[in-house]
Amino acid sequence: MTITGEMLIGARSHRGSDGEFRAVDPATGAELEPAFGGGGVAEVERACALAWAAFDAFRETGLEARAAFLETIAANILDLGDALILRAMAESGLPRPRLEGERGRTVGQLRLFAQTVREGGWLEARIDPAQPERKPLPRPDVRQRHIPLGPVAVFGASNFPLAFSVAGGDTASALAAGCPVVVKGHSAHPGTSELVGRAIQAAVASCGLPEGVFSLLFGVGNPIGTALVTDPRIKAVGFTGSRGGGLALMAAAARRPEPIPVYAEMSSINPVFLMPAALAARAEALGKGFVASLTMGAGQFCTNPGILLGIDGPDLDRFVAVAVEALGGSAASTMLTPAIRAAYDSGVARLSGSAAVATLARGLACSGPNQAQAALFGTTADAFLADPALQDEVFGAASLLIRCPDAAAMRTVAERLEGQLTVTVQMEPADGDAVAALLPTLERKAGRILANGWPTGVEVCHAMVHGGPFPATSDSRTTSVGTLAIRRFLRPVCYQDIPAALLPEALRDGNPLDLWRRIDGVPGQE
Ligand SMILES: NC(=O)c1ccc[n+]([C@@H]2O[C@H](COP(=O)([O-])OP(=O)(O)OC[C@H]3O[C@@H](n4cnc5c(N)ncnc54)[C@H](O)[C@@H]3O)[C@@H](O)[C@H]2O)c1
Ligand SMILES: O=CCCC(=O)C(=O)O
């Protein structure tokens, strides 16, 4: 399939005329063909008009039809073959195994949402039958189902050009909910975005859906994103990116005459608590495991372990010695974009320039453009508590070890942390009491709590929470990975004393969709 540099607006391909840009191969610095035409207000207007026109029909598609649509997208992505992997490698600098794995994750995510749509539990159908004889007042017939919010704007993330981009979790969960999607593609991987976008566009056509169900827009700079978020037909936003970008879009959405939710995943340093018995039992293995997680994907994971806490002592010294050796031998890696590399360098300079921070190790020297060295820094609990800037995210393979004098200091630092996507405790059974004392704090700080794993590597499943309190995300009640993500794009509607013939299928007597429903408070398949 040829990459044309065009946007996809409903069924049409369209070249924008508001400037142009090219992808850059971060490993070489070379620009990649073709040039992509930038879109503006006119393209946003067209895409949103089509999305709104498609909404009522799309939201009433049958469960099987919508599930089949998601599965067709998955099949179309696989049919792109190696061309997709080669383009994504060239645009991201990420290695083939990573991208092939990410393609599998993207396809699996679409199929998991298809299964979820078919099951229908997301409708959360509830029926409280009328009780005309009730005294002193009769009870009306009250029924509830969830319906989609409306067209959703999705911002593709730079660091996962497949699993968090055009057909990523935000798009998959929004489409599963019955929401048309307008994607603002990331300028770091426009060719990858166009290929996947055409896979979705083809699925819309082959499944007989209204063309406005999906559009893909590109723009030069930020104006197009702001125009999209402020278009009145857009009813929610999915975003993964910088804290600044997320906050700006949240502000734009809040200023609208009709404010809308922006589900932004922004920043997290994912603290790892090295508990005493775990260090005593396996400090060396923990040191190696930490460095492997830190340097995965050049550290460009939102789940990257950016901070470690341990209690001072010889076992922590054992951990440091192994981590320093492992990190010191880690090869420099190509980062996604010059801007992300510059942000990383700036963060590393800030830490290494702090009088309260020691540089414990740096990775092997860079040997090509846009490469970055891993870094491990150390400080004390007191110094960390004295300088809030020390918990600012450094997006990349850099981490800060905090030496605590005792468990109480570890708990004090934990209380001071901002909201996180993940917190991890490396523990042995003998650490149980200490972890129990920490857990209430950890629950208040994070969306996901791990024991003895590493935060990088998010399982796409029903129980996953990839979210957390601000500033990890804009809404701690949600997740952007896992089937609960569909909830972000749904709202409940109550039907009171509505004539049976006018009720949606999900709420009709006889349960024609064979759903699990809550009848008079009792769950079942009546
Ligand atoms: N939390 C995460 O998972 C994650 C992922 C990638 C990047 N990041 C962070 O973001 C930084 C920059 O990387 P990035 O380019 O992916 O993120 P970014 O926030 O700069 O851009 C993400 C997308 O949002 C758009 N955007 C950003 N700010 C905007 C604004 N004010 N108005 C309208 N649209 C806006 C961009 O055009 C892009 O399409 C990284 O250095 C890192 O700190 C975080
Ligand atoms: O970068 C954000 C998502 C991280 C992720 O999905 C993973 O760790 O697998």
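One numbering rule holds for all chains: residues counted from 1, following each sequence as written. The naming scheme follows written order: chains are lettered A onward, ligands numbered 1 onward. With the structure being a predicted model, the display of local features is reserved for residues of pLDDT at least 70 and the display and counting of side-chain atom pairs for 80 or more, all residues being used for whole-chain, interface and lining totals. Hydrogens are left out, water is left out, and the side-chain values use all remaining heavy atoms of the structure.

- As annotated in an unreviewed UniProt entry, the chain is 2,5-dioxovalerate dehydrogenase from Azospirillum brasilense.
- UniProt positions are given in the numbering used here, feature names are shortened, and annotations may be inferred rather than shown by experiment. Word for word, the UniProt comment on the chain under Subunit (unreviewed entry) is "Homodimer."
- Annotation of the chain in UniProt includes, under Sequence similarities (unreviewed entry), the sentence "Belongs to the aldehyde dehydrogenase family."

### Focus: the site of ligand 2
Working step 1: All residues in the neighbourhood of ligand 2 are listed as Arg105, Asn159, Phe160, Phe164, Phe301, Cys302, Thr303, Thr456, Gly457, Val458 and His466.
Working step 2: Polar contact criterion, stated in full: a pair of N or O atoms within 3.5 Å, where within protein one must be able to donate a hydrogen and the other to accept it, and residues adjacent in sequence count only if both atoms are side-chain atoms. Contacts to ligand 2 include Asn159, whose side-chain N or O atom sits 2.7 Å from an oxygen atom.
Working step 3: Working definition of accessibility: Shrake-Rupley area with a 1.4 Å probe, residue cover restricted to the visible protein chains. Protein coverage of the free-state accessible area of ligand 2, which is 280 Å², stands at 99%.
Working step 4: Polarity classes work like this: nonpolar for Ala, Val, Leu, Ile, Met, Phe, Trp, Tyr, Cys and Pro, charged for Asp, Glu, Lys and Arg, and polar for all others, with Gly in that last group. Split into classes, the residues belonging to the shell around ligand 2 amount to five nonpolar, five polar and one charged. Consider each residue's heavy atoms; a residue with any of them within 4 Å of a molecule or strand counts as near.

### Some words on the site of ligand 1
Working step 1: Inspection of the region around ligand 1 gives 19 residues, with Ser158, Ser242, Glu265, Met266 and Cys302 positioned closest.
Working step 2: At a separation of 2.9 Å, an oxygen atom of ligand 1 approaches a polar side-chain atom of Lys184.
Working step 3: The separation between a nitrogen atom of ligand 1 and a polar main-chain atom of Met266 is 2.8 Å.
Working step 4: The way it works is that DSSP assigns letters per residue, a run of H or I at least four long becomes a helix, a run of E at least two long becomes a strand, and they are numbered from the N terminus. Mapped by element, the contributors of at least two residues to the shell around ligand 1 are strand E10 (236-240) and helix H8 (243-254).
Working step 5: For the shell around ligand 1, the element with the most residues is H8, which contributes three residues.
Working step 6: Grouping the constituent residues of the shell around ligand 1 by class yields eight nonpolar, nine polar and two charged.
Working step 7: Those domain boundaries reflect an automatic or database domain assignment. Two domains each provide a minimum of three residues to the shell around ligand 1, namely domain 1 (7-121 + 149-266 + 477-488) and domain 2 (272-451).

### As for the sheet that holds strand E19 (residues 420-426)
Working step 1: Being paired, for any two strands, means DSSP has found at least two bridges between them. Within the open sheet, the seven strands sit side by side as E15-E17-E18-E13-E12-E19-E20. Their pairing is mixed. Looking along the sheet, the strands with just one partner apiece sit at the ends: strand E15 (358-362) and strand E20 (446-451). The mean angle between the axes of side-by-side strands here comes to 20 degrees, regardless of whether they run parallel or antiparallel.
Working step 2: Bridging between strand E12 (residues 272-274) and strand E13 (residues 307-311) involves three bridges; their strand directions are parallel. The residue of E13 that forms the bridge with Phe273 is Leu309. Note on geometry: axes are C-alpha line fits, over the in-contact stretch for helices, and angles between N-to-C directions span 0 to 180 degrees.

### Digging into the pairing of strand E3 (residues 20-24)
Walk down a regular strand and you will see the side chains alternate between the two sheet faces.
Working step 1: One ladder, built from four bridges, connects E3 with strand E4 (residues 31-37); its direction is antiparallel. Each bridged residue has a counterpart across the sheet, and for Ala23 the counterpart in E4 is Leu32.
Working step 2: Taking the residues between adjacent antiparallel strands as the criterion, E3 and E4 are bridged by six residues, where Gly29 takes a positive phi near 85 degrees.

### Quick word on the UniProt feature "domain: Aldehyde dehydrogenase" (unreviewed entry) in the chain
Working step 1: The UniProt feature table records "domain: Aldehyde dehydrogenase" (unreviewed entry) at residues 19-423.
Working step 2: From the first C-alpha to the last, residues 19-423 spans 43 Å; its make-up is 45% helix and 19% strand.

### Re helix H4 (residues 96-119)
Working step 1: Look at H4: 35 Å from first C-alpha to last across 24 residues, which is about the 34 Å you get at 1.5 Å a residue.
Working step 2: Directly after H4, the chain includes Gly120, whose backbone phi takes a positive value near 80 degrees. Working rule for helices: expected span equals 1.5 Å times residues minus one.

### Observations concerning the pattern of salt bridges
Working step 1: Salt bridge, as used here, is a side-chain nitrogen of Lys or Arg placed within 4 Å of a carboxyl oxygen of Asp or Glu. Enumeration according to the criterion identifies 31 salt bridges in this entry.
Working step 2: Asp56 is paired through a salt bridge with Arg59; the nearest N and O atoms lie 2.8 Å apart. Taken together, the residues Asp56 and Arg59, both in helix H1 (residues 41-59) and three residues apart, mark about one turn of the helix.
Working step 3: Residue classification places Arg59 among the partly exposed residues on the basis of a relative accessible area of 22%.
Working step 4: The closest approach of N and O atoms between Glu284 and Arg318, which form a salt bridge, is 2.8 Å. Remark: Arg318 occurs in helix H10 (residues 314-328) and Glu284 occurs in helix H9 (residues 276-295); sequence separation between them is 34 residues.
Working step 5: Throughout this description, buried means an accessible area under 20% of the type-specific maximum (1.4 Å probe, protein chains only), exposed means over 50%, and partly exposed covers the range between. For Arg318, a relative accessible area of 27% corresponds to the partly exposed category.

### Comments concerning the environment of Thr424
Working step 1: Take Thr424: it is sitting in strand E19.
Working step 2: In sequence terms Thr424 and Ala292 are 132 residues apart; their C-alpha atoms lie 15 Å from each other.
Working step 3: Residue contacts for Thr424: discarding those within four places in its chain leaves Pro271, Val272, Phe273, Leu450, Gly453 and Pro455. Note on contacts: a residue pair is in contact if any heavy atoms of the two residues lie within 4.5 Å.

### Structural notes on H8
Working step 1: Given a rise of 1.5 Å per residue, 12 residues ought to cover 16 Å, and the 16 Å separating the end C-alpha atoms of H8 matches this to within 8%.
Working step 2: Regarding H8, the residues found buried are Gly246, Leu249, Ala252 and Ala253. The arc that holds the buried residues of H8, viewed along the axis, is 125 degrees, so those residues lie on one side.
Working step 3: At its buried positions, H8 is contacted by strand E7 (152-155), helix H7 (223-229), E10 and strand E11 (262-265). To be clear, the arc concerns the directions from the helix axis to the C-beta atoms.

### Some words on the packing of aromatic side chains
The description of an aromatic ring pair uses the distance of the two centres, along with the angle that the planes make with each other.
Working step 1: Aromatic pairs are defined between Phe, Tyr and Trp rings, using the six-membered ring for Trp, whenever the two ring centres lie within 6.5 Å; interplanar angles under 30 degrees are classed as stacked, those over 60 as edge-to-face, and all others as tilted. As enumerated under the stated definition, the model contains 11 aromatic pairs in all.
Working step 2: Plain terms: the ring middles of Phe155 and Phe239 are 5.9 Å apart, the flat faces sit at 65 degrees to each other, and that makes the pair edge-to-face. Of the two residues, Phe155 is situated in strand E7 and Phe239 in strand E10; the sequence distance between them amounts to 84 residues. Assigned by exposure class, Phe155 and Phe239 land together as buried.

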